[in-house]
Amino acid sequence: MKKMFSYILRRILILIPLLLAISIVVFFMIHLIPGDPVQIMLGDKGSEEDVARLRSELGFDQPLHTQYLKFLGNLLQGDLGRSIRNRNPVIYEIRAAFPATIELTVLSMIFASFIGIAAGIISAIKQYSLIDNLTMVGALLGISMPVFWVGMMLMLIFGSRLGWMPISGRISRVTDLEVITNFYILDSIITQNWAALRSTISHLILPAITLATIPVAMIARMTRSTTLEVLNQDYIRTARAKGLSEKVVILKHVLKNALIPVVTIIGLQFGSFLGGAVLTETVFARAGVGRLLINGILGRDFPVIQGAVIVIASFFVFINLIVDILYSYLDPRIHYS
Amino acid sequence: MLKRFVLLLMLTALVFNLTGTVLADNHEGEYGGTLIYAQGADADALDPHMTTLGNSADVIVNVFDGLVRFKSGTTEIEPALATDWEISDDGLVYTFNLREGVEFHDGTPFNAEAVVFDIERQLDSDHPYYMEGSYPYAGFSLGMIDQVQAVDEYTVQFTLENPYAPFLKNMAMFATMIVSPEAVKEYGEDIFKNPVGTGAFKFVEWVRDDHITVEANEDYWDGRPYLDELIFTVIPNNQTRLLELENGNVHVMEGLNPTDIERVRENDELDLLEAPGLNIGYIALHNEKEPFDNKKVRKAMNYAINKEEIVEYLMGGQATVAKGPLPPTIWSYDESLEGYPYNPEMAKTLLEEAGYGDGFEFTLRTYSAPRSYNPVGARLATAVQQYLSQVGIDAEIEQLEWGTYIEEGKAGKHTAAFFGWIADNGDPDNFLNVFFNSANRGSTNRAFYVNEEVDQLLAEAQQITDEAKREAIYIKVQQIIVDDAPFVFLNHMKMQIPIRKSVKNYVLYPTNNKYFQKVWLDQ
C-alpha cells in the first residue's frame, strides 16, 4: 500500500514537468499558426490605431518569450488569463464547458464499454458464427463512419423522422434548472427537478451514441481478440476440466483476464473522445470543451486554447493514472515500484 | 320575471361577446409565449460599445435603445430615447430633447447625465470607467464628437469637430445605444455580460455557447412587447439548426444553406422572409499596381466576369448583381446605372486598347471560408478565374488565412483581392467614403483609389445636412466610380430568414439586426 502511495505521488509529480512541456509546445504552436487575434477580432472595420492599441493592451507587441514567461507566471498563480474574444476569465469558460463534456464522455464511455465488451465476448465465444461476422462487420463500419455523419443520421432518423429524441442543446430550452455545479444531471438530482433530469438525459442519448461509435468498435475488436487468446490458455482448460459451468468459466476466469488490455484501450480512448467531442458538440449544439476549443482556434483566442489544452492534458494524464492503478487491481502480477 | 332576467343575461352575454370579438379584431397581436431564435454563433459581449459582432448586436437591439432608431424595416430615422432634435445651421451642434420618465432596467432614471456618462466612458481615456482597447466601434460611430454635454436634465448636446451628416444615423446604430451608468459602476469590467438598458426586453441569463434569455420589459416606454420571453440559442451547425426549426423547437433562424432554400419553401409550416441586404461583395483591384493602374484593364475585368451566372447558380439565387458600389435599396442609389453586364468581347477590345491584347497574369487573393457577403468562400475565386481565362487573363489564386488576409489587405500587399462590406448605419457615406476616400488607403480603401474630385465631393456631402443636395452629390460620385471601376462590382446578398408560420409581424431590417419588440406568436 505504501509502495502504491509513493507510486501515485511520483506520477503526480511527473505531471509538473509534463505540463510545463505541454504549455511550451502549445504556446509556441499557436503563436506560429498564421492569424493575428487582434485582426480577427476587429475584423474588416478596425482602424490601424485600434489594432495597435488593442495589440498593446493584450501584450501582443512584446517578444514571444516575454509573453510566454508572463503566461507561465500567471499560470503558476492559477490564473489562465481572460478570453480575448469575450473577456471572460478562461477558468470560468472552462468551468462552464467542462461538465458538459464530462457528462457526454462518461455516458458515452459507459455505452462503449458495455456494448463493446459484451459484443466482443459473444463474438469470441461464437467465433466464425453469423453473429461474430455481423459484429465484426459492424465494428468495421463503426470505425470507418465519420462521427459528423453518424450524428446527422441519428438526428434525422431518431430526432426528426421518429421524433423520439431531442437533437440540440444540453437541456430543453424551456425547462428551468437551477445550475449549481454545471453538471446538469447532478444539479437536477440535487434540486430534485425530475423534469430537468429527464430532459438532460434525453439530450445526452444521441450525442453519446454518436461519440461512442468509434470506441465501441475498437473495444469490441480488442475484447474479441484478447478473449480468444485467453480461451486458449491452459488455466481455462483446467477450469473446464474441474467441471465449472461455462458461465462461471467465462465470467470469472476469461473475463477478468481478457479485460486487462481492454482497460488500456478504454483509457486511451478518452483522448480520442475529446477529439470526437469537437465534432459531436458542434453537430448537437452542446456547449462543451470541444466547442470551446474549436471556437478558440478559429478566433485565435490564445488564452482559451492554452487553458483548455492544459486542462484537457491534465485530465488525460489523470485518467491514465487511474487506468494504471486499475491494472494492479485487475492483475496482481503487476507491481509498482 | 325569470324569463326576462334570462333574456337580459343572454343579451348582456351577447354584447360582451361582440365587444370581445371586436376587441380581438382591433388587437394587433397576442401577448405571451416564448420565442426561440437560433443563431450560428454565440455573442461575444452584450455591452453595445464592446462588440462588432452581429450575434451580439441582435441581442443588444432588443435590450437597449438609442437616442433615435430605424423605422421598422428601413434605414430612416425616427425618435426613440430622444423625442426630437435640432441640428445647428453649420451642422456642428446636435441638440436632443430626451424622453422623460424612462428608466433603465435597474431602475436608474434615464436622463442627459446618463447619455453623457455613456459617451464619455468610451471617448475620454481619463474617465474612471474607460477601458483601454475595449470599444471597437467608437472611432467610427463617435469619433467625430468634440464635446457632449447635458444642457439640462432632459436635453443633451453634441458638438462635432467637423460637420458630419451621417451622425444621426450613427445614433441609431446598436453600437451607440445607451447603457445604464449605475450598471457600469456596479459591474465594472464585467459590464459586457450584464447588459442593462432601457429596451423592450430585460436581460435574464447568458449560458455561454448555449443561450441568452431576455424577458418582457413590462414598463417599456413604447409599450410592452408581445412576447413574455425571448431566447437566443446557439446551434452552430446549419443542418441541425434547420432541423430544429422544422421540428418546431425554434421559431426563427439565421444562416440558411443555399441548398436548403427549396426545402424551406416547400415546407407548409415555414415561411422564407427575403429582403435585399445593405452589403456588397467586390474585388479590390489595386489601382496603383500594374496592370490595374490602367482604367481600361479595370473595365475589362468588370466586363469579363459573368455576375448573373455567379449569383444565380454559384450563390443559388441568394444574391443580386452589383452594378456599382451601393446596394440598390440604400437611399441615393443611382437607378440609371447600367454597371458592367457580361460582355467578353468588349473586355477583349478594352484589353487590346490597353496594350494587353495577349492578356496578362496576376495574383488573385482570396479567403477560404464563406462570409456574410459571399456564401461560397474560395469557390468564388475559382469561378472568377474561369471567366477571366476566357478573355486571356491568367489569374493565379492565392488563399490566405483570414487574419493575415485583412492585415495585408489593409496594407495593400495584394494586386487584386476579394472583400466585402456590410452597412453600419445605412448611410451612403458608409460605403462611398469608406471605399473611395483617399485618406482611407491603408484601412478600408483597399483599391488604393485616389481621385481628388471624389474626395472633395465626399467631404462636401458629409458637411451638408440637406438630404436632397447630398443625394445629388452621391449620384455624381457613383457615376464617377462606376466609370473609373476601381473594383470589380460583384454582388449584394439578400437577407433570408426562415421563420415558422406561427411567428407574426417579424420584419427584416436592412442593417440585418433582429428586432423582436413587435413580434408575436400565434399560439
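Heads up: the structure comes first, above all this text.
Throughout what follows, the structure given in this document is the object of discussion. (Residues numbered from 1 in each chain as written. Chains lettered and ligands numbered in written order. Predicted model: local features only at pLDDT ≥ 70, side-chain atom pairs only at ≥ 80, totals over all residues. Heavy atoms only, no water.)

**A look at the overall build of chain B**
When helices and strands are counted, chain B shows 16 helices and 20 strands. Here the C-alpha atoms of chain B give a radius of gyration of 26 Å, agreeing with the 24 Å that 2.2 N^0.38 yields for 523 residues. Counting only C-alpha atoms and orienting by the principal axes, one finds that chain B spans roughly 105 × 55 × 45 Å. Counting the 523 residues in chain B, one finds 59% classified as buried. Counted over contacts in chain B with a minimum sequence separation of 6, partners at least 24 positions apart contribute 69%. Put simply, chain B shows about 20500 Å² of open surface, and 47% of that area lies on carbon and sulfur atoms. Looking at charge distribution, chain B has the averaged site of its 39 positive side-chain charges lying 5 Å from that of its 83 negative ones. (Helix = DSSP H or I, 4+ residues; strand = E, 2+ residues; numbered from the N terminus. Rg over C-alpha atoms; globule rule 2.2 N^0.38 Å. Buried < 20%, exposed > 50% of the residue type's maximum accessible area, 1.4 Å probe, protein only. Contact = heavy atoms within 4.5 Å. Areas by Shrake-Rupley, 256 points an atom, 1.4 Å probe, with all protein chains shown as cover. Lys, Arg positive; Asp, Glu negative; His and termini not counted. Charge placed at Lys NZ, Arg CZ, Asp CG, Glu CD.)

**Brief notes about a negative patch on the surface**
Residues E100(B), E113(B), D152(B) and E153(B) make up a contiguous surface patch of negative charge. Tracing the sequence through the fold places E113(B) in helix α3 (residues 112-123). (Patch = residues over 30% accessible without salt bridge, like charges linked within 9 Å, V, L, I, M, F, W, Y side chains within 5 Å. Salt bridge = Lys/Arg side-chain N within 4 Å of Asp/Glu carboxyl O.)

**So, the layout of surface pockets**
Sizing a probe to match a water molecule and rolling it over the atoms shows the empty space that remains. Put simply, the second largest pocket is a space of about 990 Å³. At the level of secondary structure, the elements contributing two or more residues to the lining of the second largest pocket comprise α3 (48-57) of chain A together with α3, α4 (138-142) and α14 (429-436) of chain B. If one sorts the elements of the lining of the second largest pocket by residue count, α3(A) sits on top with five residues. Each residue belonging to the lining of the second largest pocket can be placed in one class, and the counts come to 15 nonpolar, 15 polar and twelve charged. (1 Å grid on protein atoms, 1.4 Å probe; cavity = no way out; pocket = protein on both sides within 12 Å on 5 of 7 lines; lining within 4 Å. Points joined across faces, edges and corners; volume = space filled by probe spheres on them. Nonpolar A, V, L, I, M, F, W, Y, C, P; charged D, E, K, R; others polar.)

**Description of the pattern of salt bridges**
Tallied over the entire structure, the rule returns 38 salt bridges over all chains. A salt bridge links E244(B) to R173(A); its shortest N-O distance comes to 3.9 Å. A residue pair is termed interchain when its members come from two chains, as with E244(B) in helix α7 (residues 238-247) and R173(A) in the loop between α7 (147-161) and α8 (184-190). When sorted by exposure, E244(B) lands in the same class as R173(A), which is buried.

**Here we look at the interface of chain B and chain A**
Across the boundary between the two partners, chain B contributes 52 residues, which contact 45 residues of chain A. Taking both partners together, chain B and chain A bury about 3900 Å²; carbon and sulfur atoms supply 48% of that area. If you sort the residues of chain B by the area they bury against chain A, R208(B), D209(B) and K410(B) come out on top, with a joint share of 15%. Put simply, chain B and chain A have seven salt bridges between them. Viewed at the interface, chain A and chain B are joined by ten residue pairs in polar contact (both at pLDDT 80 or more). Residues that form the side of chain B that touches chain A fall into these classes: 22 nonpolar, 15 polar and 15 charged. (Buried area = accessible area lost by both parts, 1.4 Å probe. Polar contact = N/O pair within 3.5 Å; in protein donor to acceptor, adjacent residues only side chain to side chain.)

**Looking at the side chain of N111(B)**
Residues and elements named next belong to chain B. Secondary-structure assignment places N111 in the loop between β5 (93-98) and α3. Exposure remark for N111: the relative accessible area of 13% places this residue in the buried category. A polar contact is formed between the side chain of N111 and the backbone nitrogen of E113, at a distance of 3.2 Å. Excluding residues that lie within four positions of it along the chain, N111 makes contacts with L98, E153 and Y154.

**Points about the nonpolar core**
Residue and element names in this part refer to chain B. Core analysis: the biggest nonpolar cluster contains 81 residues, and L35, L67, F96, F158, F167 and F516 have the highest contact counts within it. A total of six residues in this core trace back to one element, the largest contributor, which is α3. In this structure, L35 is in contact with L227, E229, L230, I231, H251, V252, V503, F516, V519 and L521, ignoring residues within four places of it in sequence. (Core = buried A, V, L, I, M, F, W, Y, C linked by side-chain atoms within 4.5 Å.)

**Digging into a nonpolar patch on the surface**
Residues and elements named next belong to chain A. A contiguous nonpolar surface patch, about 400 Å² in accessible area, is contributed by V106, I110, F114 and I115. Relative to the assigned elements, F114 resides in helix α5 (residues 90-125). For F114, a relative accessible area of 64% corresponds to the exposed category.

**Here we look at the sheet that holds strand β4 (residues 82-87) of chain B**
Whenever strands of a sheet pair, they do so through backbone hydrogen bonds, lying parallel or antiparallel. Residue and element names in this part refer to chain B. Spatially, four strands are ordered β4-β5-β7-β6 in an open sheet, and the strand pairing comes out antiparallel. The open sheet has two free edges, formed respectively by β4 and β6 (145-152), since each of these has just one partner strand. Between one strand axis and the next, the sheet turns by 20 degrees as a mean value, whatever way the strands run. Running at roughly 160 degrees to β6, α3 makes contact with β5, β6 and β7 (155-160) of the sheet. (Pairing = 2+ DSSP bridges. Axes fitted to C-alpha atoms, helices over the stretch in contact; angles between N-to-C directions.)

**What about the packing of α5(A) against helix α12 (residues 289-298) of chain A?**
The relative placement of two packed helices comes down to the angle between their axes together with the axis-to-axis distance. Residue and element names in this part refer to chain A. Relative orientation of the contacting elements α5 and α12 amounts to 130 degrees, with a least axis distance of 7 Å. Our classification of the angle between α5 and α12 gives oblique. Contacts from E93, I94, A97, F98 and T101 in α5 reach V289, G290 and L292 in α12. Looking at side-chain class alone, the contact of α5 with α12 contains five nonpolar, two polar and one charged residues. (Parallel < 35°, antiparallel > 145°, perpendicular 65-115°, else oblique.)

**A word on empty space enclosed by the protein**
Inspection of every chain in the model, using the stated rule, returns two cavities of 30 Å³ or more. Approximately 90 Å³ is the volume found for the largest cavity. In this structure, the largest cavity is lined by S83(A), R85(A), N86(A), E93(A), L292(A), N295(A), G296(A), D301(A), V304(A), R208(B) and D209(B). A per-element tally of the lining of the largest cavity places α12(A) first, with three residues. Considering only enclosed or pocket space, the second largest cavity measures out at about 40 Å³ in volume. Every residue lining the second largest cavity is listed: D44(A), Y282(B), G420(B), W421(B), F435(B), T444(B) and R446(B).

**Section: the environment of I261(B)**
All names here are of chain B. If you trace the backbone, I261 turns up in helix α8 (residues 261-266). Separated by 24 residues in the primary sequence, I261 and N237 place their C-alpha atoms 16 Å from one another. Leaving out residues up to four positions away in the same chain, I261 has contacts with L256, L272, G316, Q318 and Q496.

**Focus: the environment of R333(A)**
All names here are of chain A. Looking at the element boundaries, R333 is found in the segment after α13 (302-330). According to the relative accessible area criterion, R333 is exposed, its value standing at 67%. The spatial distance from the C-alpha of R333 to the C-alpha of L104 is 34 Å, given a sequence separation of 229 residues.

**Re the environment of F448(B)**
All names here are of chain B. Turning to its location among the elements, F448 is positioned in the loop between α14 and α15 (452-463). Relative accessible area serves as the criterion here: at 9%, F448 is assigned to the buried category. Residue contacts for F448: discarding those within four places in its chain leaves H286, N287, E288, G409, K410, A411, G412, H414, R441 and G442.

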